[in-house]
Every structure is written in C-alpha cells, then in structure tokens.
Amino acid sequence: MFESLSSKLDKAFKNLKGQGKITEINVAETVKEIRKALIDADVNYKIAKQFTDTVKEKALGQNVLTSVSPGQLLVKIVNDELTELLGGKTENINTSGNPSIILMAGLQGSGKTTHSAKLANYFKKQGKSVLLAAADVYRPAAIEQLKVLGEQIEVPVYFEMENKNPVEIAQNAVKAAKDGNHKILIIDTAGRLSIDEEMMAEIGNIKATVQPQEILFVVDSMTGQDAVNTAKAFNDVLDFTGVILTKLDGDTRGGAALSIKTVVQKPIKFVGMGEKMEALDVFHPDRMAQRILGMGDIVTLVERAQSVFDEEEAAKIQKKLLKDQFTFEDFYSQIQQIKKMGNLKDLMAMIPGVGKAIKDIDISDDAFKGIEAIINSMTPAERRTPDILNGSRRKRVADGSGTDIQQVNQLLKQFEEMRKMMRTMNKMQGAGLSMKNLPFRR
Amino acid sequence: MGIFNFFSKEKKEKLDQGLEKTKTSLFDKISKAIAGKSSVDDDFLDQLEEILVSSDVGIHTTLKIIDRLQARVAKDKYVGTSELNAMLKQEIALLLDENKNENLSSFENLPGQKPYVIMVVGVNGVGKTTTIGKLANQFKKAGKKVVLGAGDTFRAAAVEQLKIWGTRNGVHVVSHGMNTDPASVAFDAVQYAKDNDADVCIIDTAGRLHNKIGLMDELSKIKRVMSKVQEGTPHEVLLVLDASTGQNAFEQAKQFTAATEVNALALTKLDGTAKGGVVIGIADQFKIPVKYIGVGEGIDDLQVFNKVEFVDSLFN
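**Observations regarding the overall build of chain B**
Right, on to step 1. If you tally the helices and strands in chain B, you get 11 helices and eight strands.
Right, on to step 2. The burial tally for chain B puts 59% of its 316 residues in the buried class.
Right, on to step 3. Long-range pairs, those at least 24 residues apart, make up 76% of the contacts in chain B between residues at least 6 apart in sequence.
Right, on to step 4. Just so you have it, chain B exposes about 12100 Å², and 51% of that area is on carbon and sulfur atoms.

**Considerations on the confidence of the model for chain A**
Right, on to step 1. With 72% of its residues at a pLDDT of at least 70, chain A reaches an overall mean of 80.
Right, on to step 2. Within the model, pLDDT remains below 50 along residues 429-442 of chain A, and this stretch shows 30 contacts once partners closer than five positions in the same chain are excluded.

**Notes on the interface of chain A and chain B**
Right, on to step 1. Each partner contributes residues to the interface: chain A has 36 residues there, and chain B has 43 residues.
Right, on to step 2. Across the interface of chain A and chain B, roughly 3500 Å² is buried in total on both sides, 56% from carbon and sulfur atoms.
Right, on to step 3. When the buried area of chain A at its contact with chain B is split by residue, Tyr45, Met222 and Glu275 of chain A rank highest and sum to 18% of it.
Right, on to step 4. Taken together, chain A and chain B are joined by two salt bridges.
Right, on to step 5. Its salt-bridge partner being Asp249 of chain A, residue Lys212 of chain B comes within 2.5 Å of it at the nearest N-O pair.
Right, on to step 6. On inspection of chain A and its partner chain B, the count reaches 13 residue pairs in polar contact (both at pLDDT 80 or more).
Right, on to step 7. Elements that contribute at least two residues to the side of chain A that touches chain B include exactly α2 (24-40), α3 (45-61), α6 (142-153) and α9 (227-238) of chain A.
Right, on to step 8. The element best represented in the side of chain A that touches chain B is α6 of chain A, accounting for four residues.
Right, on to step 9. Taken together, the residues of the side of chain A that touches chain B break down into 10 nonpolar, 13 polar and 13 charged.

**A few points about the nonpolar core**
Right, on to step 1. Counting residues in hydrophobic clusters, the biggest one holds 71 residues, and the most contacted among them are Phe139, Leu148, Ile202 and Tyr292 of chain B.
Right, on to step 2. For this core, the element with the highest residue contribution is strand β1 (residues 116-121) of chain B, accounting for six residues.
Right, on to step 3. For Leu148 of chain B, the contacting residues outside a window of four places in its chain are Ile132, Ala136, Leu162, Gly166, Val171, His172, Val173, Val174 and Ile202 of chain B.
Right, on to step 4. Formed by 44 residues, the second largest nonpolar core is a distinct cluster that contains Ala170, Val174, Val219 and Phe283 of chain A.

Cut-offs applied
- Residues take numbers from 1 onward in each chain, read along the sequence in its written order.
- Chain letters start at A and ligand numbers start at 1, both assigned in the order the entries are written.
- Since the coordinates come from a predicted model, pLDDT governs what is reported: local features require at least 70, and pairs of side-chain atoms require 80 or more to be given and counted, while whole-chain, interface and lining totals use all residues.
- The side-chain quantities take in all heavy atoms of the structure and omit both hydrogens and water.
- By definition, any uninterrupted DSSP run of H or I lasting at least four residues is a helix, any uninterrupted run of E lasting at least two residues is a strand, and each is numbered from the N terminus.
- Throughout, exposure labels follow a simple rule: accessible area from a 1.4 Å probe, protein chains only, divided by the maximum for the residue type, with under 20% read as buried, over 50% as exposed, and the rest as partly exposed.
- The contact rule is simple, with two residues in contact once any of their heavy atoms fall within 4.5 Å.
- Computed with the Shrake-Rupley method and a 1.4 Å probe, the accessible areas treat only the protein chains shown as cover for residues.
- The predictor rates its confidence in each residue with pLDDT, a number between 0 and 100.
- Two parts placed together each lose some accessible area under a 1.4 Å probe, and the buried area is that loss summed for both.
- One side-chain nitrogen of Lys or Arg within 4 Å of one carboxyl oxygen of Asp or Glu is enough to make a salt bridge.
- Polar contacts, as counted here, are pairs of nitrogen or oxygen atoms within 3.5 Å of one another; within protein the pair requires one atom able to donate a hydrogen and one able to accept it, and residues that are adjacent in sequence qualify only if both atoms are side-chain atoms.
- Here the nonpolar group is Ala, Val, Leu, Ile, Met, Phe, Trp, Tyr, Cys and Pro; Asp, Glu, Lys and Arg are the charged ones; every other residue, Gly included, is treated as polar.
- Residues belong to one nonpolar core when they are buried, are Ala, Val, Leu, Ile, Met, Phe, Trp, Tyr or Cys, and are joined through side-chain atoms within 4.5 Å.

And the structure:
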C-alpha cells in the first residue's frame, strides 16, 4: 500500500548512489526529495519538515562511516526515524473492564460502523462475548447497517429504533451488556465534524456517562492535511486512547494518519485493510515503516493466513499430502480460504520485493474464477481422482465451465506440479506458506 | 439572471461560512508572512508553500502557483500586501480557469433527451448516497420527476439508506434488494425512468477503492449496461470526492475516469475544517468540472459549484 512513497524514496536515494560519504551538499537534495515525497504522501507539512530535519542531522553526524554507502545509511536512518514517527512499539487494546467498553468516534464516512463490526468479529474470534450498540441515530439506515453486519458475524446488536438520544442508548447498552454477561461492548456513534460543537458535546456526554476503557478515533487513511486538526479536536474533547486507520487497502500513501500519532501522541491500534469482516489488522509500526521503505511485510501475511486458515483443515491437508492424497476438493477448499484472506494483490504486496514488482500489474480478484469453474464442472469422482480425466471427460469439463480444453489441461498440469512441490515442502510449518504455489492466471 | 440568482442569500451565507475558514487561514497567514517586507524573498515563498500545502493544494500545484507568482513578480513588481494578494488570487483563478467548463447550469434546464441519467461513483464513505438524496431534493424542487436506482447492493443497509432518502423526497426508488446484480438494477432503473416519463434518473453505486480492478470493471459494466436502454446514457458520471481527502483524490479522479469517463465532480463535506484546496489541483490537472459542493448533512445542503462565486468567496 505504500508503494508510491517507497518508489519516491527509492528515487531520492538514487541521487546518493556512488557517493562516498554524506556531506551537507549531497544530502540536501535527497532530504528535499524525501520531504516532497512525504508531503505528497499527505504527511503533515510541519511534521515532514521536522522529520527531514532530524534525518539530515543524523545523516550528517554519521558521515565518517565508510563501511556502508550513503544510500544504505540513509535508508537505515529514515527507517529508524519512520518507525519512531509511527509510534514505537506495538500497543494492545485494553479489555480489562467488565464489560470493557469501546467507544468509536470520527468524521462522517471514515468507516466507524464497518470497523465496529470488524472489531466485534476480532474479539469474537478470541472467544470473547461481544455486544454491539447502535448509537448513530442520525444517518439514515445506520442502525440497520450495524444490525446487518451483526447478523453476518453472529454478534448481537443493541439498538432502540425509536430513541433519538444516543447518550441514553449508550447507557442502556451498558446495562444490556452487563445483563447479558458480555465481556466487550462496542458503541458505534454517528459521524461528526470536529467544529460541530453540539455534536462534539454529545459524544463528550456519551464518554462521561459510560466511561469507556477505550475510545478509538476512526480515521480514513486517505485524509489530507486536515487529519491533524481533526484528530486534535477530537482528542481535546475525548482524550481518545487510540486510532483505527481505515481503507488502507487503497493506494493512498497514508501519510496524514501517520502524523496523527505525532500530533496527539496516541497510538494507532488497528488498520482496516478491506471490506471483509476479517480485514482488520493490529497495527505494527515497525512493519509499517519497513513497508514504507519497500521491504515487504511477510509477518502480517503469515499472521493473516493463520487467522483465516482452519487449523484442523490444514492438518488434514497436511496428512493427505503426506499420503499423496491431495485432491481437487482440497484444492477448492484452499482457494476458498485464501479468498477469505482478502485482496490478492494486497496479499502479494506483503511479500518482500513483490510490492514494487506488481505495482502496475493487474491482479484480479477473479483470478480464481476460471479454476473454480473448472473444478465445479468435474464430477466428485474426478475431483478425488484426477487421473481418470481422459480426453472426453476433459472436453466435457471445458464445455461445462465455459473454458477450453487447453485451460483444463493447463490446470491439470499445474495441479500435478503443485502436488509434486507440496510433497517436497510438506514438512514446512504453517499451511499459509503453501499458498505461493497455487497457480493463478493473469 | 443566470448564475448569480441561483445562490439564495441563505445559501450564499453558508458557502461563505464554509469557505471563511479557507479564506482566513490563507490570507491571514499571507498578510503576516509579507508584513513589513518589500520583496518576495525565500522566507515568504516558504511560508506560501506551507499555506498552500496545508490546504491540500498539493506539492505540484503549489510549486506551479509559486513559479507563476515569481514570474509575475519579476515582471510586474509589486508594492504591498494587497497587490500580492491580488496576484495570487489571479494565479489561482487562472488554474481554475484552465478548466474549460462553462458555469454549469441549474437544476431546471437539463440537456439532451429524457431521462437525464446521472451515475454516481466514488470511494467508500465520501457521501454518495447522501449527495443523491440532496440532488433528488433539488431536482424535485425544480419541478422534475426523479427516479433513483439503488445500485449499492453490497454495503450493509445501503439500499435501505437510499430508500429513506427516496421517502423523504417522495421519489420512486428502483431496487432489487441487497446482494443483487448492480448492473441489472441500473438497467431497470433507467428503463423505469424512461417508461414512466421521468426527467432525471440517479443511479447509486457501491463505494469502491479505485485500485480494486475487479470492482472498477464492474463499474464499467454498470455504465455500459445503461447505454443499452438508451444511447448516450448515462449523461453524467458524477465522481464524489470528500473535501478532507488528501492527494489520493488525484488518483481517484484518474482511475474512476479511466473506468467510467467521469465528467463531473461533487466535493462533499466542505462544511468541515478541510480546506477544499484539492479542487484547484484537480481542476488544473484533469479538466473535469466541479459541479456540486456539499456543505452540510441537511437535505438542502447541496449547491451547484460556481467558479466565480467560489473564487470570490475565497478572495473577498
């Protein structure tokens, strides 16, 4: 997601290549490029300036080192500084209360309702009993939206269709959470502008009434320079405990949200990476900094794989692989699991070195469609024992799936190759790693 | 007649209020920056850069404005603050001017054959559905028969949300419910509008990030399908942009244009603290006219964007 900034920094660093050491003169141009790149990435103007000044200072202080190139040295300095700007070490969410109350706040359209549900899903996956509360009484169908999402993730939603007082609703929701023995209560609120005094007072009242353990400021990662002002205004009223950075699966450079941390000194706790309910990641500043510098993010990828892949299923497949019994049925179920992990291109971008390589390549989410169609057109017997697929069967499968016989042949060949490869790597830990051997077209 | 009487007094005040923030921050700072100075020095240019960049004008457009201003000053010289302000105003106006759009008309006079079809697109959370609700209200007030198409069949309760706007405005909403094919909703909505002699048909679509190829392809298909009801439909592809969005708005404009030939922009949430400076850059770069601005959550909080009014409100 930060490819654009990375490539800009790459370009900036190129200016330093072939030069022996960092001097005032050769660093000036690069630092200017870095600042431009940061501003272009929506990093707050002042913070970008501050940042590049620090980088420059540190770079100049280290100009005696001859063992590394100036470029490498600067990469390290920028990386270190960026990690610091992004918030130091990972911050967890406070769930000490009983119930633990999480209040969501933010501007209109930042993704509060979606992320209330994603958070609920996140805690539910940890085996906690969660209650959602719909306190957005203003936007048409906002309550309905939360109800639908709650149904999807099988989390109960507290709402009062006729009540127009969000403070009361929140208060009643706390009671309901206690009565229902819910460990966690997530309160969705209406979007509001930071300059809307009445609405800001309202959410201040909700806070005072329910006394939440966590107040999460939900912010769109595409926000521009105004992000710091809005964050500051919300923080002044709510003294929030953390930030959720949403829509990071877009191609925004996300710089503005990064400056929020600097301005309000509050950690970014989660990032939203897509519209699926699983697309919520814990924020890791160090990984993010590496990502900005184009170093990939394999750890997140593996974690995502682990959270989606059914362990039992994985063990079963592992066993089948050992016995060389991997079938198209297993393959199909693997595809379904990978699809749950989110957008393919985002996934691939997390692999070190791949992000830049696939920047301009189209990887469709439909990449699996043809494969699924072909498998769906096979009989159960064919799926289990692909060897019986002779010429006429292949013809039938091709017709049935709307593909042609070459595509069917290609898939069968790839499947066979994959089986071979999997046999050799079946000792590797973690089912998630096997995904890189899946064939996909385009 | 014409453009100026479109803005009722109240509306004008609201626009002024919204833009007041931009104005004060921009010109207060400039005045401070050049107070007691008789030439454009680096210090001033640095501060001007900060002001423009902080208003989301973007680094490239900012540098362009600064270059132009410097060239102007070198040629014309200037005496004081007011001259420099005037020059700056002119240079920014010129960027908006390079956008060859006519001042877009009111809600009364619709070009082309009936129904006038508007397809509304944009990323998640920019205010597409709300903008449609407000647009429907304006067209209705102008005496037009309006039909809405609930083409956001993906986001939870989006259809419900549009239906509520439909009820508020007393206009018909064509819907197939959630998780249905949006292209078929769009087709049926346009068909319904045509069969029922409606003047305007507005199609909602699900918010989507512009880097999702599959979803952008779907949008192209929705657009394509509508033209099968009637050649030349949709007449207007309206990209909704959130005023608080930073430089990513450029990429949005680019990708949505590639997928659906966007020919109008709506800039929402201008009543917030976001400066709306992104408009200058987009107008300069893409030559797509800004047609509407959103200045609040109320049903009447939508205005036709008017370049003259906009620039005047910025600089008066």
